[in-house]
Amino acid sequence: MTRTGSGLLLRVYMGVFFLYMFLPLGIMVAAGFNAYSPPSVTVWKGFTLHWFVELWQDDRMWSGLANSVLIEGAVIALALPMGLAGALLLGRLGTRAAGVLYTAMVSPLLTPGIILGISTVIFWRGLEVSAGLFTAILAQTTFIASYTMLMFMARLQRQDTALEEAALDLGATPFQAFRRITLPFLRPTILTAAVIAFLQSFENYNTTMFAIGGAHTLVTEIGSRMRFGLSPAINALGILFILATIVFALAWGALKARERRAAEHAT
Amino acid sequence: MTRLRRSFGAPMAALIVLLTGTWVLGLIAAPQVIMIEQSLWKMDRPAGADELSVQIDRLYNRLDMLMLDRAAARTLRTPSATEAKLAQIDAERAALAAEIADLETAERTPVKTWTLSNYAQMGQAHLRIFAKTILASLAVTAIAFAVCYPIAFAIAKLEPPRRAALIMLALVIPYAINELLRVFAWQMILNYGGPLNAALGLVGIGPVPFLESGSGVFVAMVYAYILFMVFPLYNVLETLDTNQIEAARDLGAKTWQIHRRIVLPHARPGIAVGCIMTFMLSAGSYSVPYIMTRGTAAPWFAQLVYNRFFQASDWNVGAAYAVSLLAVCTGFVFLMMRLLKVRLRDIAK
């Protein structure tokens, strides 16, 4: 096969792949605007926004959203300091100890989410604490702190330690040097880590489902509604999720582009 | 430790150790240890419960005998002798009753017995589901790799960088959209009255019960987790120096030789991450079978685990199931690291 021939083949293949990725989402979006229940695209009864109204009036969705926000706040408050502490500690340990600690800290990312959820519930059940929002927060923190730790670690590796040493030589206390030099250097990472922690917590299903007991978040509620797919209000919510994701992806792309430009300026 | 204190001062060093310790020991290690511990015992009838019950029977007989003695004592000649005898018998009866009560609680209170039997509880049927789940997850992983490798390579090495960035940004959308929505889209497509069955109907096939037969689970799993393969592969292939490929081609290497000798070896860390993520997500997926079968098809392993805990309320057996799944996933991580000769540090980036 000639090189242009295989290039064309790859292009076609990529087109099919993109169709495969986006067509199912398109079908789900279309059913959200169809005046027909249960959600369908094969029977078209005309355009409607009725399902958005139905979604708006759904109390369980709102209470789920409130729980999601509560959990997110707590997870961010726990996972950011823990991840940062882990990354800072890692940089000050000997090779072997750092290796062990690192393995322990990334292990939640390699563990199935349902295991993280159920082991947290088992542990706290032994202490007479039953499953609920509290255990969901802890189970999510277990692996979200791993993400924040990796992000802080990557940033800290790029830090110029000379600045910190200069501050110490000039008589700053270690805490002052951290607060005035390291912390400002970490600020962009703190922000992106908070965003990632927010998204991971909000979107999480498997871990939360096993850890939350009788309570519900927006996403676990969506899960139980989807099982029987009775009302296109779920599709309406899906459309809102997709819009939010597009906005997020564009913001992320813009941020990356700005970082790249800044890096080009620096060099 | 001294380095830590010198860098941050004692109070902050203490805080750092406290926070990391709480996370690593309290949130990561302790729950896993307790879960494994829970899987290794069950509440059982105490050892020797049978002998205990024989002994209790014997004591009851003795109690009956005492009652006869007591009746006999009433016919004694002197009242004082009767009094003394009755008091003696009553004291003996009270002691016996207390002993019986003790033995009965010992017989009835279940004791914690260390055992591997929780693991053996997984009978034929559940073992088959366990095997099905693992095999399906391996298949999902293999399909994801086969589909994504050319995609990742094409984007990373054949597109101009700016276009590649745009394509990846477009892929972030289906990647970042909630997993449940991706699954739900396929539930609609494969449904009895869904578009796929409508299309098949046009050519005179079906309707095919995709959801009810359980095959829908597999289709949706591939779709839901395939992008976890694209991103790690793209990330490593992007760092591959294109000159290496050009040089190999100039020296007369064929396309498959270039991939086998240059691209694939370079992509090892990405392959490891992609395979581990895809396998782990599939094997531990509760959402996909939950939504795709609607309870009509046979359950998947994550559902069995869930039911052990929250429906059968058998926490010891549930823990054993969870530990089995954890063991398989950990084994897969080690296998991948060994096969692809990568270290954990290369993986988690």
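Quick caveat: nothing in here was measured; it's all calculated off a predicted structure.

The rules behind the values
- Residues numbered from 1 in each chain as written.
- Chains lettered and ligands numbered in written order.
- Predicted model: local features only at pLDDT ≥ 70, side-chain atom pairs only at ≥ 80, totals over all residues.
- Heavy atoms only, no water.
- Patch = residues over 30% accessible without salt bridge, like charges linked within 9 Å, V, L, I, M, F, W, Y side chains within 5 Å.
- Areas by Shrake-Rupley, 256 points an atom, 1.4 Å probe, with all protein chains shown as cover.
- Salt bridge = Lys/Arg side-chain N within 4 Å of Asp/Glu carboxyl O.
- Helix = DSSP H or I, 4+ residues; strand = E, 2+ residues; numbered from the N terminus.
- UniProt positions renumbered as here; feature names shortened; annotations may be inferred.
- Buried < 20%, exposed > 50% of the residue type's maximum accessible area, 1.4 Å probe, protein only.
- Axes fitted to C-alpha atoms, helices over the stretch in contact; angles between N-to-C directions.
- Parallel < 35°, antiparallel > 145°, perpendicular 65-115°, else oblique.
- Contact = heavy atoms within 4.5 Å.
- Nonpolar A, V, L, I, M, F, W, Y, C, P; charged D, E, K, R; others polar.
- Core = buried A, V, L, I, M, F, W, Y, C linked by side-chain atoms within 4.5 Å.
- Buried area = accessible area lost by both parts, 1.4 Å probe.
- Polar contact = N/O pair within 3.5 Å; in protein donor to acceptor, adjacent residues only side chain to side chain.
- Phe/Tyr/Trp six-rings, centres within 6.5 Å; stacked < 30°, edge-to-face > 60°.
- Lys, Arg positive; Asp, Glu negative; His and termini not counted.
- Charge placed at Lys NZ, Arg CZ, Asp CG, Glu CD.
- Expected span 1.5 Å × (residues − 1).
- Bend = angle between axes of the 7 residues up to and from the residue.
- pLDDT = per-residue confidence, 0-100.

In this section: a nonpolar patch on the surface. Among the surface-exposed residues, A:Leu8, A:Val12 and A:Val16 lie close enough to one another that they form a single nonpolar patch of about 290 Å² accessible area. Following the sequence through the fold, A:Val16 ends up in helix 1 (residues 3-32).

Per the UniProt record, "transmembrane region" (unreviewed entry) is annotated on residues 12-36, 69-90, 102-124, 130-150, 185-202 and 233-255 of chain A. The straight-line gap between the two end C-alpha atoms of residues 130-150 of chain A is 31 Å; of that span, 86% is helix and 0% is strand.

Residues and elements named next belong to chain B. The phi dihedral of Ser313 falls on the positive side, at around 55 degrees, and the residue is not glycine. Summarising the element assignment, Ser313 is placed in the loop between helix 17 (301-310) and helix 18 (315-339). A relative accessible area of 48% means that Ser313 is categorised as partly exposed.

The subject of this paragraph is the packing of helix 4 (residues 95-106) of chain A against helix 6 (residues 133-157) of chain A. Packed helices, taken two at a time, are described by the angle their axes make and the gap between the axes. Residue and element names in this part refer to chain A. It is the contact of helix 4 with helix 6, at a shortest axis distance of 9 Å, that shows an interaxial angle of 135 degrees. Taken as axis vectors, helix 4 and helix 6 run oblique relative to one another. Packed against helix 4, whose contacting residues are Tyr102, Met105 and Val106, the element helix 6 presents Ser146, Met149, Leu150 and Met153 at the interface. A breakdown of the residues in the contact of helix 4 with helix 6 according to their chemical character gives six nonpolar, one polar and no charged.

In the numbering used here, UniProt assigns the "domain: ABC transmembrane type-1" (unreviewed entry) feature to residues 65-252 of chain A. Annotation note: span residues 65-252 of chain A, helix share 82%, strand share 0%, distance between end C-alpha atoms 24 Å.

We now examine the side chain of A:Thr207. Residue and element names in this part refer to chain A. Looking at the element boundaries, Thr207 is found in helix 9 (residues 206-211). For Thr207, a relative accessible area of 2% gives the class buried. Ignoring any residue separated from it by four or fewer positions in sequence, one finds Thr207 in contact with Gly113, Leu116, Gly117, Ala139, Gln140 and Phe143.

Looking now at the pattern of salt bridges. All names here are of chain A. Evaluation of the coordinates by the stated rule reveals eight salt bridges over all chains. Residue Glu221 pairs with Arg60 through a salt bridge whose shortest N-O separation is 3.0 Å. Of this pair, Glu221 sits in helix 10 (residues 218-228) while Arg60 sits in helix 3 (residues 59-91); the two residues are 161 residues apart in sequence, bridging distant segments of the chain. Assessed through its relative accessible area of 5%, Glu221 is described here as buried. We classify Arg60 as partly exposed; its relative accessible area is 41%.

Turning our eyes to something else, we now look at the nonpolar core. A general trend in soluble globular proteins is that nonpolar side chains are found buried together. Judged by nonpolar contacts, the single largest core of 176 residues is most densely connected at A:Met149, B:Trp23, B:Met35, B:Ile155, B:Leu171, B:Tyr286 and B:Met292. Take this core: its biggest share by element is 14 residues, from helix 6 (residues 124-158) of chain B. Residues contacting B:Met292, with those up to four places away along its chain left out, are B:Val183, B:Trp186, B:Gln187, B:Leu190, B:Leu211, B:Gly216, B:Val217 and B:Ala220. With eleven residues, the next largest nonpolar core counts B:Ile56, B:Leu63, B:Leu66 and B:Leu96 among its residues.

Take the UniProt feature "domain: ABC transmembrane type-1" (unreviewed entry) in chain B next. Under the UniProt annotation, "domain: ABC transmembrane type-1" (unreviewed entry) lies at residues 130-338 of chain B. With 81% helix and 0% strand, the stretch residues 130-338 of chain B has end C-alpha atoms that lie 24 Å from each other.

Turning our attention to the interface of chain A and chain B. Across the contact, 87 residues belong to chain A and 89 residues belong to chain B. Taken together, both faces of the contact between chain A and chain B bury some 8000 Å²; the carbon and sulfur share is 77%. Seen at the junction of chain A and chain B, the total is one salt bridge. Along the contact surface separating chain A from chain B lie 13 residue pairs in polar contact (both at pLDDT 80 or more). It is helix 1 of chain A that provides the largest number of residues to the side of chain A that touches chain B, a total of 15 residues. When grouped by side-chain class, the residues that make up the side of chain A that touches chain B number 60 nonpolar, 21 polar and six charged.

Our next topic: the packing of aromatic side chains. Aromatic rings in a pair are described by how distant their centres are and how their planes are angled relative to each other. Evaluation of the coordinates by the stated rule reveals 31 aromatic pairs over all chains. With 5.1 Å between their ring centres and 85 degrees between their planes, A:Trp56 and A:Trp62 make a pair best called edge-to-face. Assessed through its relative accessible area of 38%, A:Trp62 is described here as partly exposed. Relative to B:Tyr306, the ring of A:Phe210 lies with its centre 5.1 Å away and its plane at 80 degrees, an arrangement referred to as edge-to-face. Taken together, the positions of A:Phe210 in helix 9 and B:Tyr306 in helix 17 put the pair across two chains. Overall, A:Phe210 belongs to the buried group, its relative accessible area being 0%. Look at B:Tyr306 and you get buried, because its relative accessible area is 14%. Connected via pairs of aromatic rings, a cluster forms that spans A:Tyr205, A:Phe210, B:Tyr286, B:Tyr290, B:Tyr306, B:Phe309, B:Phe310 and B:Trp315.

On to a positive patch on the surface, then. A cluster of basic side chains, namely A:Lys256, A:Arg258, A:Arg260, A:Arg261 and B:Arg162, defines a positive patch on the protein surface. Structurally, the position occupied by A:Lys256 is in helix 11 (residues 233-266).

Bringing helix 6 of chain A into the picture now. Helix length check: helix 6 of chain A, at 25 residues, gives a terminal C-alpha distance of 35 Å against a target of 36 Å (1.5 Å per residue), a fit within 8%. Of all the bends in helix 6 of chain A, the largest measures some 35 degrees and sits at A:Thr142.

Residue and element names in this part refer to chain B. Of the residues in chain B, 99% reach a pLDDT of 70 or more, and the chain-wide mean stands at 86. The secondary-structure element of chain B with the lowest mean pLDDT is helix 19 (residues 344-347), recorded at 75, while helix 15 (residues 268-283) shows the highest, at 93. Interface confidence for the predicted complex, given as ipTM, is 0.88, next to a pTM of 0.86.

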